[in-house]
Amino acid sequence: MTAHDPLYDAARLQEIADLDLLSPEVDPTLADVAALAAERLGLPVSLISVVLDEALHVAGAHGIDGLWLGETRGHPVEWSFCATSVRTRDAFVVESAATHPEHATNPLVTQDGVRCYAGVPLISSRGHVLGNLCVVGLEERSFSPADVEVLRELAREAVRRIEARRAA
Amino acid sequence: MQPSTRTVIPGYSLRPPGEADARAALQRVFGEERGGERWSQACRAAGLTPGRVEDGEPFERVVEALSAQGGSTAVVARSMEIRLRTYARLAAHAAGASR
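Residues numbered from 1 in each chain as written. Chains lettered and ligands numbered in written order. Predicted model: local features only at pLDDT ≥ 70, side-chain atom pairs only at ≥ 80, totals over all residues.

**Focus: the nonpolar core**
One finds A:Leu21, A:Val51, A:Tyr117, A:Leu133, A:Cys134 and A:Ala158 to be the most contacted residues of the largest nonpolar core, which totals 79 residues. Those residues within four positions of A:Val51 in sequence are excluded, and the remaining contacts are A:Leu7, A:Leu56, A:Val77, A:Ser80, A:Cys82, A:Ala83, A:Val86 and A:Gly131. (Core = buried A, V, L, I, M, F, W, Y, C linked by C-beta atoms within 7 Å. Buried ≥ 20, exposed ≤ 12 C-beta atoms within 10 Å, placed from the backbone. Contact = placed C-beta atoms within 7 Å.)

Written out as structure tokens, the structure is:
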């Protein structure tokens, strides 16, 4: 964490507020995008995450009913795979979480069984990375460039819907 | 300021946020002076004294007041709410599992 870490950029957090991304009304507009991502990549869970300064907020989701994440709708940011894309502005893929140098000790891996992850950033028209569209699985797997492109395409649709709410 | 003394959840290494955490979070985003001002304003709105906010219900009341400030301050407040909610949910599960 540095003073210039995008996670703590006040303008980025203001953009999240301006887009009203913490409202429960966002989920119905994004849940089918998450469902489509899970279906097309053949994985049980997909999230449209909003990465805050100290936590990840679940703005839209598929496959988390019955999990603790379905109740909390978020978790501490230090467990977040999605925070990486806020910093790099690029896709982040983890094919074997249990052996990944950053995430092998992540409680989502050690306690909750996450084994693979692929996410792409949601970038607003003002240039801020809001969070990610991601898929999560409980078994190791590889992701092809085509898989990532599917996520990018759906992420663009998610951002379009998010910004349509601002315009409305 | 003493850090929260509530139990760390085994396996998750998670403790609930307290006043020092919230103030530090605000100062990371808004700078030392402006972040501190926002925290003090929230404490006053909640009828509490900055630097003397106890864990639990008093702290949660200040986080609510912080949320009411709106904008990016409310986003920082939501981070605290999520961390509190996650701690409560996982602590309850851990307590149930140990019975």
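**Comments concerning helix H2 (residues 32–45) of chain B**
Residue and element names in this part refer to chain B. Given a rise of 1.5 Å per residue, 14 residues ought to cover 20 Å, and the 20 Å separating the end C-alpha atoms of H2 matches this to within 8%. Every buried residue belonging to H2 is among Gly35, Arg38, Trp39, Ala42 and Cys43, and all of these are buried. Considered in projection along H2, the buried side chains sweep an arc of 135 degrees and stay on one side of the axis. A positive backbone phi angle near 75 degrees is found at glycine 47, which sits one or two residues after H2. (Helix = DSSP H or I, 4+ residues; strand = E, 2+ residues; numbered from the N terminus. Expected span 1.5 Å × (residues − 1). Arc of directions from axis to C-beta.)

**Re the sheet that holds strand E5 (residues 116–123) of chain A**
Residue and element names in this part refer to chain A. Here six strands make up an open sheet; going across it, the order is E3-E2-E1-E6-E5-E4 and the pairing antiparallel. Single-partner strands in this sheet number two, and they are strand E3 (74–76) and strand E4 (92–94). Shown here is a sheet whose adjacent strand axes are inclined to one another by a mean of 25 degrees, direction ignored. Taken together, the eight bridges between E5 and strand E6 (residues 129–137) define a ladder with antiparallel strand orientation. (Pairing = 2+ DSSP bridges. Axes fitted to C-alpha atoms, helices over the stretch in contact; angles between N-to-C directions.)

**Observations regarding the interface of chain B and chain A**
In this assembly, 21 residues from chain B lie in contact with 21 residues from chain A. Residues of the side of chain B that touches chain A, tallied by class, amount to 10 nonpolar, six polar and five charged. (Nonpolar A, V, L, I, M, F, W, Y, C, P; charged D, E, K, R; others polar.)

**So, helix H1 (residues 10–18) of chain A**
All names here are of chain A. Considered for burial, the residues of H1 that qualify are Arg12, Leu13, Glu15 and Ile16. Take H1 and look down its axis: the buried residues cluster within an arc of 150 degrees, on one side only. The first or second residue beyond H1 is aspartate 20, which carries a positive phi of 55 degrees.

**What about unusual backbone geometry?**
Residues and elements named next belong to chain A. At aspartate 20, a residue that is not glycine, the phi angle is positive and equals roughly 55 degrees. Among the secondary structure elements, aspartate 20 is positioned in the loop between H1 and helix H2 (27–41). Judged by local crowding, aspartate 20 falls into the exposed class, with 12 C-beta atoms found within 10 Å. Phi at arginine 89 takes a positive value of approximately 60 degrees, unusual for a residue other than glycine. Within the element layout of this structure, arginine 89 appears in the loop between helix H4 (83–88) and E4.

**Description of the pairing of E6(A)**
All names here are of chain A. Here E6 lies mainly inside the structure; nine of its nine residues are buried. Bridge count between strand E1 (residues 45–51) and E6: six bridges; the pairing is antiparallel. What sits directly across from valine 50, in E6, is glycine 131. Once E5 ends, the chain turns through five residues before running back antiparallel as E6, passing glycine 127 with a positive phi of about 90 degrees.

Shape descriptors only; they carry no functional weight alone.
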